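Structural description and commentary
Listed below, chain by chain, are the residues.
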Amino acid sequence: MMKKLASALIVILLVNFIPQFNAFSVQQERARASTTTFVTLENVIGEVYVKKGGGLKEIKGTNGMPLVQGDSVRTGKEDSANLVFTTGSKIAIGSNTKFTIIIADSTNTSGGKISIKLKSGTLWNKVNGLKNADDIYEIETPTTVMEARGTLFLVSVDPISGETTGIVMEGAVGAQQNILRNLGQQEQLVPMGNSIQVPSYMQMNFTPPPPPPPVPIDMNIIIGREDPSVLANIAVDVLDRMQELQQQSQSYLTGYQNTNNSAYLQGALQLSQINTLLVDLSQQYMAAVQGTAQEQMMNRIFEQQQRNIDALNQQVQQLSDQVEETRQNVFENAQRAGIYPEQIQRLLENAPIAAAEAGAGTGTGGIIVPPPLIPPSYGGGSSNDNDSNSGGDDSGDDHNNDGDEKVIQFINPFEAVYVLTGTSKEMIPLPAQVEVTLSNDTTEMLNVSWDSGTPEYDPNQAGTYEFTGTIDLVEGITNPGELKVQQKVYVKAQQSIMEAVTSPDTIIVEYGTTLKNIPFPEQIEVSLSDQTTETLNVSWDGGTPEYDPNQAGTYEFIGTIDLVIWITNPNDLKARLSVTVNQQKPATS
């Protein structure tokens, strides 16, 4: 009897205490959020619901509502909202979207640690402030983990098929199958202007392969599939980004003109090239919007912002002219500065990828530039400019070319290295020297010392390792920016056999097109014995019959595939390509 009475008293106490405890916990969380809020819900349209971490009941989301790790968000059929982070990053949430905030925390570098688990629907991401390896921004779906290396990208999950789509408008995204993420699987880099589609591995009866290669964005698919609120955010965010890049390009160019420091000029070259590509993507996007039902719905959204599609189109065109003018100006300055044409071309070609491989932003509004090209601040005050020729120890003197000391301003990057498991660190072909560009626009080969890799290199563990090299300085050369060399090493578990080669489409050229002007593909896709595909470099012969630009007809070209260490080609498979030269057009009178 006494035990039953004691049990009853405990139940009564719990029933009365738990509501008070819950109320206290909610108040405590709100009090903490008011001082440490990292992410809030904004621009709520329609019915948006939030389930607090660990809770069972959904509550209605409101503008300004603080969110924390473990919270889940759901939108309805015609509902949308934004997540706004204190770092300046933003996520536009599409309709019929469900996701959970896995990590949302600040870091010492201000970029933050952000990880979202997207179950279905669409998230458009505008990422800001990624600076180094401590900063994380990733979206995990049922099939894929997409880690941001840039600023503007979209991730969506089809609620029926489970297929994940990633679309990168600027910057880059590293994609991995999440089921194999911790097994050393190589990630697929998706650069700006490309998209990737990863099928649901739940539909497969075998171990899922790595994500497929990226393909150019089809703007019509985006317009036809995404809801107007996401489309409106894309249009505005891309325009804003173009304006940021334009300002930075101009700022870097001014920095070069004020200091004669070629690092500014090299940075301006890459920034202007990135912006040129982004302008082209924006124009494609706006052209795809026009004349669709989505355009009318986007205009309704823009009414509240006193905008419309036509006005945005005009802004894009005006900015396009400014970007092209800046690009030409920067290019002409580079030529006058004596930067070799080959180096200019390398800088332009690497612009969209180099920063993505580095995986870090510049800290200037999220702008992506390879770390070796980040120039020092030149806005520290006018006193340095006035004393630049005084011969003092002012840091500004490092940028003058009339002194004896030369400053390292650029490190030529290395291509990735591939080895098989069992390869010791001593046998990895890590370069013994690195070519650096100095403040007097000369180059020098310097020795480099490598660390043990990140993660620490294990010859028996397949995966991706990144080695950091410290440059061994010599007399007369300084490295005030403490620039380091980065070398990626991919360790493969076993060799695969090349089983098939994908034939590229026939190329049709006009009569008189020279051999060097034929747009031969530089890479080719091959199928391997482990059920995966790989993209490899290819070298083409002179054609059969031998190519004659002044002879109409079809020529067959054979491509020799450049093998990598983990792929063998015992059957000597070749790539084949047909090139058709059109008949000569009759002369016009």
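First, a word on what this report is: a plain description of the structure on this page. All figures in this text were calculated on a predicted structure; none of them were measured in a lab.

1. Some thoughts on the packing of helix H3 (residues 228–259) against helix H5 (residues 293–303)
- In contact at an axis separation of 9 Å, H3 and H5 are set at 70 degrees when each is read in the N-to-C sense. Judged by the angle between their axes, H3 and H5 are roughly perpendicular. On H5, the residues that touch Pro228, Ser229, Leu231, Ala232, Ala235 and Val236 of H3 are Gln294, Met297, Met298, Ile301 and Phe302.
- Taken together, the residues of the contact of H3 with H5 break down into nine nonpolar, two polar and no charged.

2. So, the layout of surface pockets
- In this structure, the second largest pocket occupies an estimated 620 Å³ of space.
- Along its surface, the second largest pocket is lined by 25 residues, and Lys77, Ser95, Glu226, Asp227 and Pro228 are the ones closest to its centre.
- Put simply, the parts of the chain that give the lining of the second largest pocket at least two residues each are strand S9 (113–126), strand S12 (152–157), H3 and H5.
- Among the elements that line the lining of the second largest pocket, the one with the most residues is H5, at four residues.
- Residue composition of the lining of the second largest pocket, grouped by class: six nonpolar, ten polar and nine charged.

3. Topic: the pairing of strand S6 (residues 80–85)
- Across the six residues that make up S6, a large majority, five, are buried.
- Of the strand pairs in this sheet, strand S1 (residues 39–45) and S6 are connected by five bridges, and their pairing is antiparallel. Among the inter-strand pairings, Thr40 is bridged to a residue of S6, identified as Val84.
- Here four bridges tie S6 to strand S7 (residues 90–93), and the two strands are oriented antiparallel to one another. Looking at S7, one finds that Val84 is bridged to Lys90.
- In this antiparallel pair of consecutive strands, S6 and S7, the connection spans four residues, and Gly88 shows a positive phi of 100 degrees.

Rules and cut-offs
- Residues numbered from 1 in each chain as written.
- Predicted model: local features only at pLDDT ≥ 70, side-chain atom pairs only at ≥ 80, totals over all residues.
- Heavy atoms only, no water.
- Axes fitted to C-alpha atoms, helices over the stretch in contact; angles between N-to-C directions.
- Helix = DSSP H or I, 4+ residues; strand = E, 2+ residues; numbered from the N terminus.
- Parallel < 35°, antiparallel > 145°, perpendicular 65-115°, else oblique.
- Contact = heavy atoms within 4.5 Å.
- Nonpolar A, V, L, I, M, F, W, Y, C, P; charged D, E, K, R; others polar.
- 1 Å grid on protein atoms, 1.4 Å probe; cavity = no way out; pocket = protein on both sides within 12 Å on 5 of 7 lines; lining within 4 Å.
- Points joined across faces, edges and corners; volume = space filled by probe spheres on them.
- Buried < 20%, exposed > 50% of the residue type's maximum accessible area, 1.4 Å probe, protein only.
- Pairing = 2+ DSSP bridges.

Interpretation note: all reported values are geometric properties and have no functional meaning in isolation.
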